[in-house]
Amino acid sequence: MPSDKAKQNKALTATCVACNKPVSTESAVALTGVEDGRHKQYVACNACANGGWRPPGFVGLYAFRRE
Ligand SMILES: [Zn+2]
């Protein structure tokens, strides 16, 4: 189920936090981690996410794509 945050991000491109490349949100996922005790979303391209990259305090993964 899409979150409000996902709707805000729906346009276009983001920067992968793992490899620092611009990626379309259609080929990226948002991973939820924890920073300073708060949940924070990190955008990673599918390649990095599939390759095992996880943010600090990883708690879950959210795919932008709706299927
Ligand atoms: Zn990447």
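Scroll up to find the structure.
J.: Is there a simple way to think about the overall build of the protein chain in this case?
T.: Across its full length, the protein chain holds two helices and five strands. Here the protein chain holds 67 residues, and the buried ones make up 19% of them. Contacts in the protein chain between residues at least 24 apart in sequence constitute 47% of all its contacts with a sequence separation of at least 6.

J.: Sorry if this is basic, but what is going on with the nonpolar core here?
T.: One recurring pattern in soluble globular proteins is that nonpolar side chains are buried together. In terms of nonpolar packing, the biggest core is built from 12 residues, these being Cys16, Val23, Ala28, Val29, Ala30, Leu31, Tyr42, Val43, Ala44, Cys45, Cys48 and Ala49. Of all the elements in the fold, those that place two or more residues in this core are strand 3 (28–35), strand 4 (38–45) and helix 2 (46–50). Setting aside its immediate chain neighbours within four residues, Ala28 contacts Ala14, Cys16, Val23, Val43, Ala44, Cys45, Asn46 and Phe64.

J.: How should I be thinking about the sheet that holds strand 3 in this particular structure?
T.: Paired through backbone hydrogen bonds, the strands of a sheet run either parallel or antiparallel to each other. With antiparallel pairing, three strands are arranged side by side in an open sheet as 4-3-5. At either end of the open sheet lies a strand with only one pairing partner, and these are strand 4 and strand 5 (60–63). When the angles between neighbouring strand axes are averaged without regard to direction, this sheet yields 30 degrees. Pairing between strand 3 and strand 4: eight bridges, direction antiparallel. Within the sheet, the bridge partner assigned to Glu35 lies in strand 4 and is Arg38.

J.: Any chance you could explain the environment of Val59 here in plain terms?
T.: You can see Val59 is positioned in the loop between helix 2 and strand 5. Owing to 12 C-beta atoms within 10 Å, Val59 belongs among the exposed residues under this scheme. On a C-alpha basis, the gap between Val59 and His39 in space is 8.6 Å, while along the polypeptide they are 20 residues apart. Those residues in contact with Val59, other than ones at most four positions away along the chain, are Thr32, Gly33, Val34 and His39.

The rules behind these values
- Residues numbered from 1 in each chain as written.
- Predicted model: local features only at pLDDT ≥ 70, side-chain atom pairs only at ≥ 80, totals over all residues.
- Helix = DSSP H or I, 4+ residues; strand = E, 2+ residues; numbered from the N terminus.
- Buried ≥ 20, exposed ≤ 12 C-beta atoms within 10 Å, placed from the backbone.
- Contact = placed C-beta atoms within 7 Å.
- Core = buried A, V, L, I, M, F, W, Y, C linked by C-beta atoms within 7 Å.
- Pairing = 2+ DSSP bridges.
- Axes fitted to C-alpha atoms, helices over the stretch in contact; angles between N-to-C directions.

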